[in-house]
Amino acid sequence: MNMQAIMAQARKLQGDLEKTTKEIEGTLFNYENENILVECNGKNEIKKVTIKNKDLLEDSEMLEDILVVAINNVLSQVKQEKDKKLGKYTNGLGGLF
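Because the structure is predicted, anything quoted here is derived from the model rather than measured.

Caption draft 1: Inspection of helix α1 (residues 3-25) at higher detail. Spanning 23 residues, α1 covers 33 Å between terminal C-alpha atoms, matching the ideal 33 Å at 1.5 Å per step. Of all the residues in α1, the buried ones are Leu17, Thr20 and Ile24. The opening residue of α1 is Asn2, an N-cap whose side-chain oxygen sits 3.2 Å from the backbone nitrogen of Gln4.

Caption draft 2: Looking closely at the sheet that holds strand β3 (residues 46-51). A sheet is described by the order of its strands in space; here 3 strands give the open sequence β1-β2-β3, paired in antiparallel fashion. With partners counted over all chains shown, the strands left at the sheet margins are β1 (28-32) and β3, one partner each. In this sheet, adjacent strand axes meet at a mean angle of 10 degrees when their direction is disregarded. As paired strands, β1 and strand β2 (residues 36-41) are joined by 5 bridges and run antiparallel to one another. Residue pairing for β2: Phe29 is matched across the bridge by Cys40.

Caption draft 3: Molecular detail of the pairing of β2. Within β2, 6 of the 6 residues are buried, which leaves the element mostly enclosed by the surrounding structure. Burial along β2 is two-sided: Ile36, Val38 and Cys40 and Leu37, Glu39 and Asn41, pointing in opposite directions, are all buried. As judged from the 5 bridges shared by β2 and β3, these two strands associate in the antiparallel manner. Bridge pairing links Ile36 to Ile51 in β3. Linkage of β2 to β3, two consecutive antiparallel strands, is achieved through a turn of 4 residues, within which Asn44 is found at a positive phi near 65 degrees.

Rules used in this analysis
Residues numbered from 1 in each chain as written. Predicted model: local features only at pLDDT ≥ 70, side-chain atom pairs only at ≥ 80, totals over all residues. Heavy atoms only, no water. Helix = DSSP H or I, 4+ residues; strand = E, 2+ residues; numbered from the N terminus. Expected span 1.5 Å × (residues − 1). Buried < 20%, exposed > 50% of the residue type's maximum accessible area, 1.4 Å probe, protein only. Polar contact = N/O pair within 3.5 Å; in protein donor to acceptor, adjacent residues only side chain to side chain. Pairing = 2+ DSSP bridges. Axes fitted to C-alpha atoms, helices over the stretch in contact; angles between N-to-C directions.

The values are spatial; any link to function lies outside them.
What follows is the structure, given as structure tokens:
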């Protein structure tokens with residue numbers, strides 16, 4: 001394989017990686033139950049928190065616990081999606097991404 005072909009393949013791979021990354025970043029992930037809704041995008045930015053059970057406003061400890069669970073869940077969803085979709089590009093690169 002000549003150098004031009006290698007460079008073309010690298011450019012294609014880079015383009016595919018960028019496209020997939022933008023797709024993930026534009027995706028909304030959410031955690032919802034009867035008490036709360038938390039939305040996060042693929043950039044790990046929390047976009048929305050809705051407290052559905054207003055009684056939680058009077059129990060700050062319970063609300064804090066529910067928020068921790070919800071936020072950890074959506075962040076885990078983002079990580080799993082990145083691992084699934086970007087893993088084919090990053091396998092063998094030692095966690096570079």
